[in-house]
Amino acid sequence: MGIVEKIKEIEEEMARTQKNKATEYHLGTLKAKLAKYRAQLLEPATKSGGAGTGFDVQKSGDARVALIGFPSVGKSTLLSKCTHTQSEAAAYEFTTLTAIPGVIEYKGARIQLLDLPGIVEGASQGRGRGRQVVSTAKTADLILIMMDATKSDEQRRLLEHELDAVGIRLNKQKPDVVFKRKTTGGITLNITVRLTKTDEKTIRSILASYKLHNCEVMIREDITTDEFIDVLIGTRKYLPCLYVYNKIDAISMEQLDKLARTDHSVVISCEMELNLDYLIDRIWDELGLVKVYTKKRGAHPDLDDPICLRKGATVEVGGSIASHRVLVVIFLAYPGCLQWYSSLPGDQFPLCTGLGKSSKFSPHAQKVGLNHLVQDEDVVSIFTK
Ligand SMILES: Nc1nc2c(ncn2[C@@H]2O[C@H](COP(=O)(O)OP(=O)(O)OP(=O)(O)O)[C@@H](O)[C@H]2O)c(=O)[nH]1
Ligand SMILES: [K+]
Ligand SMILES: [Mg+2]
């Protein structure tokens, strides 16, 4: 029996099994088996064996956003409207046959938008293009699940399922579980919270089914069985996702209102160019990009050429400065201040207004270390002592 058939058999058995306390353990072992087969399907032993490799498009810019959807929902139309790249759009399915990158330029950031072929149900299981599309999604920093607002909302669940099958977890945090493989010493299982969605017996049986007889596990969150398997498999991608409903020009206000109110959703019309600016704004937010300005001593900040970083970034310096022994990084930032001064020697002049959010207390330059988290609109100066 091939892997695809085995997967099908397990899925059928899971569908037949009623979900309750008594079957929790059995379902847990089935899930573990299923995940193992899926992993085999994704990463075959031979490289040429239809592996789940994505399209070979160079990553560029500050972040990558991938467009995932069924055929003819308007993915290519969106790319052509938001970037300078034209991607062929037409009223027939599978117009786009490969990955087409474009660039969204926004607030000084360059965001790569990747138009992809439409996928069909079962794309993650099949060979060829469908798998290639969902595998490419794994390389993105944000996924746009694009849908036709005139069609049933069932599309959303089906698309989520396809991404889930290749190990992409949407809008979820990595489970708070520490897992360490060891060579001896047996299993050390430490559960610091009350588990309501799985139990210790299930956890232990899953470890056994993965032949993990020596390891250290610390569970610090009320996880599900699936989430525990994700931790063991280790190759899951936790990505933010926006659900984009296109073609709102063709639905009623009532329907529009309902779609707009669902979580993580944005409603647009590519054809009528409705809400596209808002979509780009939301993309920016979801990516958590921050823009910082640089400033040389004795000069005003360079506001024309910001540097884009991901939220949570610290300042990294390279080249000749990095080799200096002592470094002081100074963030000139003050929220909501109309005009502020830098107290640095050589900087005795008013600086720009309203810039910076990092510094809460001082209207002046703040000296911080390299590990300081930069925030949007900070001004950064780097000094060597
Ligand atoms: N009514 C309406 N039609 C749209 C809108 N956006 C795109 N379309 C139409 O939808 C059809 C499909 O558009 P494409 O951009 O080719 O869709 P796609 O998702 O790239 O399709 P594939 O590449 O085949 O997967 C075209 O006929 C577009 O003109 C919209 O906002 N409203
Ligand atoms: K099309
Ligand atoms: Mg297309």
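Just above, that's the structure.
Residues numbered from 1 in each chain as written. Chains lettered and ligands numbered in written order. Predicted model: local features only at pLDDT ≥ 70, side-chain atom pairs only at ≥ 80, totals over all residues.

**Side note on the sheet that holds strand 6 (residues 177–181)**
Next, step 1: Pairing is mixed in the open sheet, where three strands are placed in the order 6-8-7. Single-partner strands in this sheet number two, and they are strand 6 and strand 7 (187–191). If you compare each strand with its neighbour and ignore which way they point, the axes differ by 5° on average.
Next, step 2: With five bridges joining them, strand 6 and strand 8 (residues 215–219) adopt antiparallel strand pairing. Bridged to Val177 within strand 8 is Ile219. (Pairing = 2+ DSSP bridges. Helix = DSSP H or I, 4+ residues; strand = E, 2+ residues; numbered from the N terminus. Axes fitted to C-alpha atoms, helices over the stretch in contact; angles between N-to-C directions.)

**Quick notes on helix 3 (residues 75–82)**
Next, step 1: Counting buried positions over the eight residues of helix 3 gives six, a clear majority of the element.
Next, step 2: Turning to helix 3, its buried residues number three or more, namely Lys75, Ser76, Thr77, Leu78, Leu79 and Cys82.
Next, step 3: Buried residues along helix 3 sit against strand 1 (63–69), strand 2 (100–106), strand 3 (109–115), strand 4 (142–148) and helix 9 (276–287). (Buried ≥ 20, exposed ≤ 12 C-beta atoms within 10 Å, placed from the backbone. Contact = placed C-beta atoms within 7 Å.)

**Things to note about the site of ligand 1**
Next, step 1: The environment of ligand 1 is made up of 24 residues, and the closest members are Gly74, Ser76, Ala89, Thr96 and Gly118.
Next, step 2: No other element matches the three residues that helix 3 contributes to the shell around ligand 1.
Next, step 3: Taken together, the residues of the shell around ligand 1 sort by class into nine nonpolar, ten polar and five charged. (Near = placed C-beta within 6 Å. Nonpolar A, V, L, I, M, F, W, Y, C, P; charged D, E, K, R; others polar.)

**Let's talk about unusual backbone geometry**
Next, step 1: Of note in this structure, Phe94 is not a glycine but carries a positive phi near 60°.
Next, step 2: Note that Phe94 resides in the loop between helix 3 and strand 2.
Next, step 3: Although it is not a glycine, Asn171 sits at a positive phi angle of roughly 50°.
Next, step 4: Position of Asn171 relative to the elements: it lies in the loop between strand 5 (168–170) and strand 6.
Next, step 5: Since 14 C-beta atoms lie within 10 Å of it, Asn171 is described here as partly exposed.

**Some words on the packing of helix 6 (residues 200–209) against helix 7 (residues 225–233)**
Packed helix pairs are specified by the crossing angle of their axes together with the interaxial distance, meaning the distance between the axes.
Next, step 1: Where helix 6 contacts helix 7, the two axes come as close as 11 Å, and the packing angle between them is 35°. Like other packed secondary-structure pairs, helix 6 and helix 7 cross with a definite hand, here right-handed. Contacts between helix 6 and helix 7 pair Thr202, Ile203 and Ile206 from the former with Thr225, Phe228, Ile229 and Leu232 from the latter.
Next, step 2: Counted by class, the contact of helix 6 with helix 7 contains five nonpolar, two polar and no charged residues. (Left-handed = near helix turned anticlockwise from the far one by under 90°.)

**Notes on the sheet that holds strand 4**
Next, step 1: One open sheet holds the six strands; their spatial order is 2-3-1-4-10-11, and the pairing between them is mixed. In the strand order of this sheet, the two ends are held by strand 2 and strand 11 (265–267), each with one partner. Within this sheet the neighbouring strands show an average axis-to-axis angle of 25°, counted without direction.
Next, step 2: As judged from the five bridges shared by strand 1 and strand 4, these two strands associate in the parallel manner. Along strand 4, the bridge assignment pairs Val65 with Leu142.
Next, step 3: Packing against the sheet, helix 4 (residues 129–137) makes contact with strand 1, strand 3 and strand 4, and its axis sits at approximately 145° to strand 1.
Next, step 4: Against the sheet, helix 9 makes contact with strand 1, strand 2, strand 3, strand 4, strand 10 (241–246) and strand 11, and its axis sits at roughly 170° relative to strand 10, the strand it touches most.

**Side note on the nonpolar core**
Next, step 1: Among the nonpolar cores identified, the biggest contains 59 residues, and Val65, Ala66, Ile68, Ile143, Leu144, Ile145 and Val244 are the most heavily contacted of them.
Next, step 2: When residues of this core are assigned to their parent elements, the largest contribution, six residues, is made by strand 4.
Next, step 3: There are two domains that each give this core at least three residues, and those are domain 2 (63–83 + 96–172 + 237–287) and domain 3 (290–384).
Next, step 4: Those residues in contact with Ile143 that lie beyond four places of it in its chain are Ala66, Ile68, Ala137, Leu170, Leu239 and Cys241.
Next, step 5: The next biggest cluster of nonpolar side chains, apart from the first, holds 13 residues, and it includes Ile10, Ala35, Phe228 and Ile229. (Core = buried A, V, L, I, M, F, W, Y, C linked by C-beta atoms within 7 Å. Domains from an automatic or database assignment.)

By themselves these figures say nothing about function.
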